[in-house]
Amino acid sequence: MAEIWQGFLKAIELIVSLDPEVMEIAGRSLRISVTSCLLASFICIPLGSLIHFHNFRGKRAVINIIQTFFSLPTVCVGLFVFVLFSRAGPLGGLGIMFTPTAMVIGQMILITPILLGLTISALSGVSKEIVDTAISLGASSFQTTVAVLREARYAVLAAVTMGFGRAIAEVGCAIMVGGNIRGFTRVITTAISLETSKGELELSIALGIILLFLALIVNVALNRL
Amino acid sequence: MSLIEVVGLNHRYGERKVLENINLNINKGEAFCLIGSTGAGKTTLLRLIDLLETPASGDIYFDGLCIPKSGRQRLEIRRRMAFVLQKPQVFNLSVYDNVASGLRWRREKKDRIDKKVNEILEMVGLEDYRNRNARTLSGGEAQRVALARAMVIEPEILLLDEPTANLDPGSTAKIEQLVSYISEQGNTTIIMATHDMPQGQHLANRIGVLLDGKIVQTGDVEQVFRSPQDEEVANFVGMENIIEGVVTANNEGMVTLDIGGGAIQAVSDFPVGERVYVCVRPEDITLALSRTQSSARNSFYGKITQVVSFGPLTRVEMDCGFRLVSLVTKVSVEELSLQKRKEVYASFKATGVHLIKRRAK
Ligand SMILES: Nc1ncnc2c1ncn2[C@@H]1O[C@H](COP(=O)(O)OP(=O)(O)O)[C@@H](O)[C@H]1O
Ligand SMILES: [Mg+2]
């Protein structure tokens, strides 16, 4: 109990004193996760709309598979990206292994199912009558899609928030493809993992609190949209 | 020329036939009312006309042009119409943005949109709600938003699906007022579905009766209400007195009918021996306490069995050897102190009787 309290005080101290290393790590966490979340959103929101508004054979199955991948273990994504980008891998020539880029790609893969699945269910929440209303008022299919997305905006935003949360909180993939290199790929979660193994519990707790604090700020910001 | 021509239209949902061989012409500038009970297929027909669905078979012509079953042209034609759905539907946006939607989708200029939207909001009396989220409005207000949103497009055809179903009387009156205003302007062809007979009578120039997926009669309002062509339509248009009879004499257009408990005089050229339904609108029957010297050819003595008043009118049911229903004003109810078991004389003119040929079952 005392440790948590100590950690809390330390966190405040680190935050108030704008500790350079902590700030740097937190900044990187935020940068990587915001980037992966934005990029994944740009892909998944249109793609999810496409799936929702088109009827094709096996649509139900596709949605089931997407939902199954909600519980994709982060280390599996890490493994996949590792195999893909490691020196001997098919995309090894790109040389992005153990860089923030690889981490962004890993997180994008990780949160794609969530963003896709939740976008589709957000759109399903809009009634058929609203869709018909838009069409009958002269909206083209693209305009109808935009109108329905706008109608479902709070649910879509919730999907993005969920995706961001999963991205910033994951550690397995970040360690495997980032490598926890100090000053380069070290993020809050990998730092916590390292500090805890070194017995630096106070610093770990401080970093954990900072992570939650960051998530809070992002959530508040997103909800203001 | 017809603005909309529907030719041999059939539609089904799964195995269920919903519309069967619909043929319909709608003229430019008229207010056409589709009447029919719930489930008759009114909504489906409106959806097909608005190109929200494609028919199983048959064609729809818009301004002489056969509408293709798919493709870009459908959007262009759809943009010349506007459809107000049965349940008031509003987007989760401000009232202003709701009303502006159709114009934005047509890429109108911003200042033009602003001018038109403000004008329409004033017209429907929602100018103070401009910035309110439309989802927070009452049903009647939401329906006015929906109507304004359709009107602002200045459609050639305005489709209205039971625009006042589920609305309170006050909101209903406002919507009806707006619809009749649009109709009077004459630039918009209105196609309205309703199951509310008086509303159809009040707002339409022409009526089409849709029963069980088939158009059974189309015609001017008077024609449909006065001279329904079969028993079903008669029932539906509020012809409450439908009595089976047989023609026993025909004197140069004045026929005498045997209805079992008495004889009725009517104007018709049905031959002697024809089996008919004798129809009399309840509002055409007048009541008196003694056999009057009125010009009405038909007068029956009977006992009142039921008196029910709704609004300014009272429905009086009596037994004259056969059942007769009359619709009288509240004033006459009071003057004659009409009540159950009271004895009255019911009279109606020979010209007020409409005869429908009975088909062999
Ligand atoms: N999407 C649908 N799927 C299956 N059946 C439908 C659908 N829409 C309407 N129907 C059926 O078609 C018939 C006509 O419906 P509708 O056109 O809504 O009638 P109305 O508007 O006159 O009440 C009804 O029996 C209804 O149950
Ligand atoms: Mg309907």
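One can find the structure itself at the top, above this paragraph.
These notes cover the structure that comes with them. Since this is a predicted model, take the numbers as computed values, not measurements.

### Considering the coordination of the magnesium ion (ligand 2)
Around a metal, the ideal angle is 109.5 degrees if four donors adopt a tetrahedral arrangement and 90 or 180 degrees if six donors adopt an octahedral arrangement. All names here are of chain B. Looking at the magnesium ion (ligand 2), one finds its protein donor set to be Thr 43 (OG1) and Gln 86 (OE1), positioned 2.0 to 2.7 Å from the metal centre. On the criterion of sequence distance, the pair formed by Thr 43 in helix α1 (residues 42-49) and Gln 86 in the loop between β6 (81-84) and α3 (95-105) is long-range, its members being 43 residues apart. The exposure class assigned to Thr 43 is partly exposed, which follows from its relative accessible area of 29%.

### Side note on the packing of helix α2 (residues 20-53) of chain A against helix α5 (residues 100-124) of chain A
Two numbers describe how α2 of chain A lies on α5 of chain A: the axes approach to 7 Å, and their chain directions differ by 35°. Relative to α5 of chain A, the crossing made by α2 of chain A is right-handed.

### Concerning the nonpolar core
Core analysis: the largest hydrophobic core is formed by 114 residues, its most contacted members being Val 117, Leu 147, Leu 158, Ile 207 and Val 209 of chain B. Here the element with the most residues in this core is α5 of chain A; it accounts for 11 residues. Residues contacting Leu 147 of chain B, with those up to four places away along its chain left out, are Val 84, Leu 158, Leu 160, Ile 175, Leu 178 and Val 179 of chain B.

### Notes on the pattern of salt bridges
All names here are of chain B. Evaluation of the coordinates by the stated rule reveals 25 salt bridges over all chains. Note that Arg 206 is salt-bridged to Glu 30, the shortest N-O span being 2.8 Å. Here Arg 206, found in strand β9 (residues 206-211), pairs with Glu 30, found in the loop between β2 (16-27) and β3 (31-35); they are 176 residues apart in sequence, far enough to count as distant. You'll find Arg 206 and Glu 30 in the same group, each marked buried.

### Description of the site of ligand 1
Residues and elements named next belong to chain B. Neighbouring residues of ligand 1: Tyr 13, Arg 16, Val 18, Ser 37, Thr 38, Gly 39, Ala 40, Gly 41, Lys 42, Thr 43 and Thr 44. Within the backbone of Ala 40, a nitrogen or oxygen atom sits 3.2 Å from an oxygen atom of ligand 1. A distance of 2.5 Å is found between an oxygen atom of ligand 1 and a side-chain nitrogen or oxygen belonging to Thr 44. Protein contacts shield 61% of the accessible area of ligand 1, which totals 560 Å² for the unbound molecule.

### What about the sheet that holds strand β20 (residues 353-357) of chain B?
All names here are of chain B. Strand order across the open sheet formed by 5 strands is β13-β12-β11-β14-β20, with antiparallel pairing between neighbours. Of all strands in the sheet, those with a lone pairing partner are β13 (263-267) and β20, marking the two edges. Each strand of the sheet is rotated relative to its neighbour by a mean of 45°, with strand direction disregarded. In the sheet, strand β12 (residues 254-258) pairs with β13 via 5 bridges, with the strands oriented antiparallel. In the sheet register, Leu 257 faces β13, and the bridge partner there is Ile 264.

### Some words on the packing of α5 of chain A against helix α8 (residues 153-169) of chain A
Residue and element names in this part refer to chain A. For the pair α5 and α8, interaxial distance at closest approach is 9 Å and the crossing angle is 160°. When the axes of α5 and α8 are compared, the pair comes out roughly antiparallel. Where α5 crosses over α8, the two elements pack in a sense that is right-handed. Two secondary-structure elements touch here, α5 through Gln 107, Leu 110, Ile 111, Ile 114, Leu 115, Leu 118, Thr 119 and Ala 122 and α8 through Ala 155, Val 156, Ala 159, Val 160, Met 162, Gly 163, Arg 166 and Ala 167.

### Remarks on the sheet that holds strand β7 (residues 157-161) of chain B
Within a sheet, adjacent strands bond to each other through the backbone by hydrogen bonds, running parallel or antiparallel. All names here are of chain B. Across the sheet, 6 strands lie side by side as β6-β7-β8-β3-β9-β10; this open sheet has mixed pairing. Edge strands, defined here as strands with exactly one partner in the open sheet, are β6 and β10 (214-220). Along the sheet, successive strands turn relative to each other by an average axial angle of 15°, direction set aside. Here β3 pairs with β9 via 4 bridges, running parallel. In the strand pairing of β9, Leu 34 is matched with Gly 208.

### Considerations on helix α3 (residues 59-68) of chain A
All names here are of chain A. Residues Lys 59, Ile 63 and Ile 66 constitute the buried set of α3. Within α3, the buried residues cover an arc of 60° as seen down the axis, which keeps them to one side. Of the exposed residues in α3, those oriented more than 90 degrees away from the buried face are Arg 60 and Thr 68.

### Digging into the interface of chain A and chain B
Contact with chain A, which involves 19 residues of that partner, is made by 23 residues of chain B. Both faces considered, chain A and chain B share a buried interface measuring about 1,800 Å² in area, 56% of it formed by carbon and sulfur atoms. On the chain A side of the contact with chain B, Ser 136, Leu 137 and Gln 143 of chain A bury the most area, a combined 33% of that side's loss. One can count 2 salt bridges joining chain A with chain B. A salt bridge links Asp 132 of chain A to Arg 47 of chain B; its shortest N-O distance comes to 2.8 Å. Across the chain A-chain B interface, the total number found is 8 residue pairs in polar contact (both at pLDDT 80 or more). By residue number, the principal contributor to the side of chain A that touches chain B is helix α6 (residues 128-136) of chain A, which donates 8 residues.

Cut-offs and rules
Residues numbered from 1 in each chain as written. Chains lettered and ligands numbered in written order. Predicted model: local features only at pLDDT ≥ 70, side-chain atom pairs only at ≥ 80, totals over all residues. Heavy atoms only, no water. Donors = N, O, S within 2.8 Å, 3.2 Å for Na, K, Ca; no water. Helix = DSSP H or I, 4+ residues; strand = E, 2+ residues; numbered from the N terminus. Buried < 20%, exposed > 50% of the residue type's maximum accessible area, 1.4 Å probe, protein only. Axes fitted to C-alpha atoms, helices over the stretch in contact; angles between N-to-C directions. Left-handed = near helix turned anticlockwise from the far one by under 90°. Core = buried A, V, L, I, M, F, W, Y, C linked by side-chain atoms within 4.5 Å. Contact = heavy atoms within 4.5 Å. Salt bridge = Lys/Arg side-chain N within 4 Å of Asp/Glu carboxyl O. Near = heavy atom within 4 Å. Polar contact = N/O pair within 3.5 Å; in protein donor to acceptor, adjacent residues only side chain to side chain. Areas by Shrake-Rupley, 256 points an atom, 1.4 Å probe, with all protein chains shown as cover. Pairing = 2+ DSSP bridges. Parallel < 35°, antiparallel > 145°, perpendicular 65-115°, else oblique. Arc of directions from axis to C-beta. Buried area = accessible area lost by both parts, 1.4 Å probe.

Geometric descriptors of this kind do not, in isolation, establish any biological role.
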